[in-house]
Amino acid sequence: MKLIDLCNQLELPKEVVEQVMSCSTRIGEGAPEELLVGLTNKIHAKESYEKLIAYTNPENLGMDMLTYMLYAALKTYDKYIEKNISEKVYIDTMKCFTRFINEHHASFGYYGFDRGWWTHRQLSMVLFRIGELEYEFIDDQKCVSLHIPSGANIALEACQKSFKAYQDFV
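Definitions and cut-offs
Residues numbered from 1 in each chain as written. Predicted model: local features only at pLDDT ≥ 70, side-chain atom pairs only at ≥ 80, totals over all residues. Heavy atoms only, no water. Helix = DSSP H or I, 4+ residues; strand = E, 2+ residues; numbered from the N terminus. Buried < 20%, exposed > 50% of the residue type's maximum accessible area, 1.4 Å probe, protein only. Contact = heavy atoms within 4.5 Å. Areas by Shrake-Rupley, 256 points an atom, 1.4 Å probe, with all protein chains shown as cover. Lys, Arg positive; Asp, Glu negative; His and termini not counted. Charge placed at Lys NZ, Arg CZ, Asp CG, Glu CD. Core = buried A, V, L, I, M, F, W, Y, C linked by side-chain atoms within 4.5 Å. Pairing = 2+ DSSP bridges. Axes fitted to C-alpha atoms, helices over the stretch in contact; angles between N-to-C directions.

1. Here we look at the overall build of the protein
Here is step 1: Counting secondary structure elements, the protein contains 9 helices and 3 strands.
Here is step 2: Its helices and strands in sequence order give the protein the pattern α-α-α-α-α-α-α-α-β-β-β-α, from N to C terminus.
Here is step 3: Overall size of the protein, expressed as C-alpha extent along the three principal axes, is 45 × 35 × 25 Å.
Here is step 4: Counting only residues that meet the buried cut, the protein has 48% of its 170 residues in that class.
Here is step 5: Taking the intrachain contacts of the protein between residues at least 6 apart in sequence as the baseline, contacts between residues at least 24 apart amount to 57%.
Here is step 6: Of the roughly 9100 Å² of accessible surface on the protein, 51% is carried by carbon and sulfur atoms.
Here is step 7: Of the side chains in the protein, 18 bear a positive and 24 a negative charge, and the two mean positions are spaced by 3 Å.

2. A few points about the nonpolar core
Here is step 1: L66, L70 and F97 are the most contacted members of the largest nonpolar core, which has 48 residues in total.
Here is step 2: Among the elements that line this core, the one with the most residues is helix α5 (residues 63–82), at 11 residues.

3. A few points about the sheet that holds strand β3 (residues 143–147)
Here is step 1: Within the open sheet, the 3 strands sit side by side as β1-β2-β3. Their pairing is antiparallel. Strands with a single pairing partner mark the edges of an open sheet, and in this sheet they are β1 (127–130) and β3. If you compare each strand with its neighbour and ignore which way they point, the axes differ by 30° on average.
Here is step 2: Pairing between β1 and strand β2 (residues 133–138): 4 bridges, direction antiparallel. Paired with R129 across the two strands is E134, which belongs to β2.

Scope: geometric values only; no functional claims are made or implied.
Next comes the structure, spelled out in structure tokens:
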């Protein structure tokens, strides 16, 4: 999968896609590979995110960080394939980026990305969106934190469907 394909599958707003593609041209292969790979590893994800901040420019409103995160998401995609996890779960999980971009726009009137501190969970395959709910594995799947993403349908039937899909997932 290519970066533009991911942006389109995540249904990022056109303006954001243009900014991401512009950032990708600037940072291109200059992205620190070890940090991008680190984002996909649950042990190193948080530390890699914190180090990656030094490669971003605050004037870019987080679009360079978003671009780095999406590059890491492409690496995560390969891991989903290796683990035979469905593309639907992958796209639904990675749509957190779209949700966060749109929430930023609703709050401030312009697109920005300020949730990199959270999204390493999705990139490192610790948190998955399955149906309407998100499941975050703690302590190597001995414990699961349940998250209700903004905009989720939390009607009983929708939650039951998500719980059933989660049981099939594990």
